[in-house]
Structure formats: C-alpha cells, structure tokens
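Observations on the model geometry
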Amino acid sequence: MREQIEILASLQNVDREIKEKNGAKQVLLEEIRKREDELKMKRNAVTQLRAEWKEKDKLRQEKEHLLQDEGRKTMEKRMRMNRIKNIRELQALQHEVDQIKQANSQIEEELIGILEDLEARASMLKEKDEEISGLEQAWGGQKAGLEARVAEIDKEVAQTSAGRQTIAAQLNGDLIQRYEMIFSRRGGMAVVAISDGICQGCFMNIPPQLSNEIRKSERLHLCPSCHRILYYKPTVSNDKQI
Ligand SMILES: [Zn+2]
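In this text, all values refer to a predicted model and were calculated from it rather than measured experimentally.

For the rest of this paragraph, the subject is the overall build of the protein. If you tally the helices and strands in the protein, you get five helices and three strands. Going residue by residue from the N terminus, the α and β elements of the protein occur as α-α-α-β-β-α-β-α. Relative to the 2.2 N^0.38 estimate, which gives 18 Å for 242 residues, the radius of gyration of the protein is 41 Å and therefore markedly larger than a compact globule would have. Seen through its C-alpha atoms, the protein measures out along the principal axes to roughly 135 × 35 × 30 Å. The 242 residues of the protein split such that 31% are buried.

Now the structure itself:
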C-alpha cells in the first residue's frame, strides 16, 4: 500500500499542476471575454449614436423639402400678384406671402439648429470612431498575446496529461476513483502526509493508534476530520525517535 500511495502522491502533483494551469487559462479566457464585451459595448454605443445622427439627418431633409415647397408657394403667389389689379385681393395675397415668409424663417431657424446639432454629433462620432479603432488596434495585439498563452497552456496540459496516464496506469482503479472524488471535493488536495501526528490537510491531530497504523502503511487510511488519504512522511523529529 505504501508504494501505491506514493504513486498516488505523485499523481496528485501532476493533477495539481493541471488544475493550476487550467485555472490560469480560465483567468486568461475571462480577461479576453471581459475586454471583448467592453469593446462590444462601446461599438454598440457608437451604433446607437450613428442611428440618432441618421434620424436627425432625416429631419433635416424633411425641413429642407418643406422649405423648398414653401419657396415654390411664395413664388406662385408673387406671380399671381403681378396679375392682380384689385387692391384688396392684392393685400390679401400680400398677407399670405408674409405669413409664408414668417413660417419660412422659422423653418430656417430650426434647420440651422438641426445643422449645428448634426455637426456636433458628427464630430463626436468621429471622435468615438477614432477611439474605438485605437482600442481595437491595441486590443488586437494584446488579444493575440493572451490567445497564444492559452494555446501554450493547452499544449502544456496535454503533455502533462500524457504523463499522468503513465502514472495512473500503475495504480489500482478503485484507488484512483476514490482519490479523484476526494481531489475534487477537497480543492485539489486528496493525499496528505501526517507530520508529528498532525494531518497536513486539515491540521487536526491524528489519534496515536491510527498514526501508528498509517506508519505501517498496510492499508488505506483516511483522516477522521477531513477524510483525505493519509500517508506517513518522516520528519526530522520522527527520525530521531526512530
Ligand atoms: Zn485531515
């Protein structure tokens, strides 16, 4: 049993390495996801601004058409004016023309406001576009670096996993199963040494009787407190006793 547990301890070293590497990979993937999300949000905001600009520009076109129509009407009325001889009719028509002029100047004023607004929006859009293309460029380089690191980790994990199989082949299947269950439940620490009568997993005292049995290492023993697989590892003070 001693040999099996020693092999199990080296299997655990490999598993811890794999676990650590996969953890590091998750951190990198999370970073990539977060940065991509941020960029996407910024892009969406610009898309929204661009849609607002288009909406505003449609309003500009409407106002311009309106102004053209009103201009035509003024023209027509002026031409009619030339043909009118009756003073009252002329006054009435003049009144209409004045009203149209007034309406036109209001539309023109609105149009100026709209044009100014469009210009401000356009320069903001240009600024945002530049900001995003700068961010995209910078992030493109960083992302490539992070992805290369992820690929490297995958390669390392594949190599380590191949080594793991060699080690696992030397172990009894039931033992591996039991170990794996404890490994996942106990945060990647399933096989621990007892040192000076203390479980190095949970740091509780192991009863002396059990301690002696573990030292003999004839069968599998679990820590009564944390249920990890225990093995005996001589320390300096133990050596002196022996
Ligand atoms: Zn324990």
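That covers the picture; the talk isn't over yet.
Let us now look at the pattern of salt bridges. What the rule picks out here adds up to 26 salt bridges. One salt bridge in this structure joins Arg 33 and Asp 37, with 2.7 Å as the shortest N-O distance. With a gap of four residues between them, Arg 33 and Asp 37 both fall in helix 1 (residues 2-83), about one helical turn apart. In this structure Arg 33 comes out as partly exposed when scored by relative accessible area, which is 42%. One salt bridge connects Glu 64 with Arg 60, and the closest N-O pair in it is separated by 2.9 Å. With Glu 64 and Arg 60 both in helix 1, this residue pair falls four residues apart, about one helical turn. According to the relative accessible area criterion, Glu 64 is partly exposed, its value standing at 28%. Several salt bridges share partner residues, and in doing so they unite Glu 17, Lys 21, Arg 149, Glu 152 and Glu 156 into one network.

What follows is about helix 4 (residues 208-216). Listed as buried for helix 4 are Leu 210, Ser 211 and Ile 214. Along the axis of helix 4, the buried positions cluster into a sector of 105 degrees, meaning they face one direction only. Relative to its buried face, helix 4 has exposed residues pointing more than 90 degrees away, namely Pro 208, Gln 209 and Lys 216.

Further remarks concern unusual backbone geometry. Of note in this structure, Asp 196 is not a glycine but carries a positive phi near 55 degrees. Position of Asp 196 among the secondary structure elements: in the loop between strand 1 (191-195) and strand 2 (198-199). The class of Asp 196 is partly exposed, set by a relative accessible area of 47%.

Let's shift gears to the packing of aromatic side chains. The geometry of an aromatic ring pair comes down to the distance between the two centres and the angle between the two planes. For the structure on display, the rule yields one aromatic pair. Seen in terms of ring centroids, Tyr 179 and Phe 183 are 5.6 Å apart; in terms of plane orientation they differ by 45 degrees. Their pairing is tilted. Taken together, the positions of Tyr 179 and Phe 183, both in helix 3 (residues 173-185) and four residues apart, correspond to about one turn of that helix. When sorted by exposure, Tyr 179 lands in the same class as Phe 183, which is buried.

At a minimum axis separation of 5 Å, helix 1 and helix 2 (residues 87-168) run at an interaxial angle of 165 degrees. When the axis of helix 1 is compared with that of helix 2, the two are roughly antiparallel. Here helix 1 and helix 2 pass one another in a crossing that is left-handed. Taken together, the residues that form the contact of helix 1 with helix 2 break down as 37 nonpolar, nine polar and 37 charged.

Here helix 3 is 13 residues long and its end C-alpha atoms lie 19 Å apart, about the 18 Å a rise of 1.5 Å per residue gives. Residues of helix 3 that are buried: Leu 175, Ile 176, Tyr 179, Ile 182 and Phe 183. Along helix 3, the residues classed as buried sweep out an arc of 130 degrees about the axis, all on the same side. Facing away from the buried side of helix 3 by over 90 degrees, the exposed positions are Asp 174, Gln 177, Ser 184 and Arg 185. Those residues of helix 3 that are buried lie in contact with helix 1, helix 2, strand 1 and strand 3 (229-232). Sitting at the amino-terminal end of helix 3 is Asn 172, which places a side-chain oxygen 2.8 Å from the backbone nitrogen of Asp 174. In the stretch just after helix 3, Gly 187 is the one whose phi turns positive, near 55 degrees.

Definitions and cut-offs
Residues numbered from 1 in each chain as written. Predicted model: local features only at pLDDT ≥ 70, side-chain atom pairs only at ≥ 80, totals over all residues. Heavy atoms only, no water. Helix = DSSP H or I, 4+ residues; strand = E, 2+ residues; numbered from the N terminus. Rg over C-alpha atoms; globule rule 2.2 N^0.38 Å. Buried < 20%, exposed > 50% of the residue type's maximum accessible area, 1.4 Å probe, protein only. Salt bridge = Lys/Arg side-chain N within 4 Å of Asp/Glu carboxyl O. Arc of directions from axis to C-beta. Phe/Tyr/Trp six-rings, centres within 6.5 Å; stacked < 30°, edge-to-face > 60°. Axes fitted to C-alpha atoms, helices over the stretch in contact; angles between N-to-C directions. Parallel < 35°, antiparallel > 145°, perpendicular 65-115°, else oblique. Left-handed = near helix turned anticlockwise from the far one by under 90°. Nonpolar A, V, L, I, M, F, W, Y, C, P; charged D, E, K, R; others polar. Expected span 1.5 Å × (residues − 1). Contact = heavy atoms within 4.5 Å. Polar contact = N/O pair within 3.5 Å; in protein donor to acceptor, adjacent residues only side chain to side chain.

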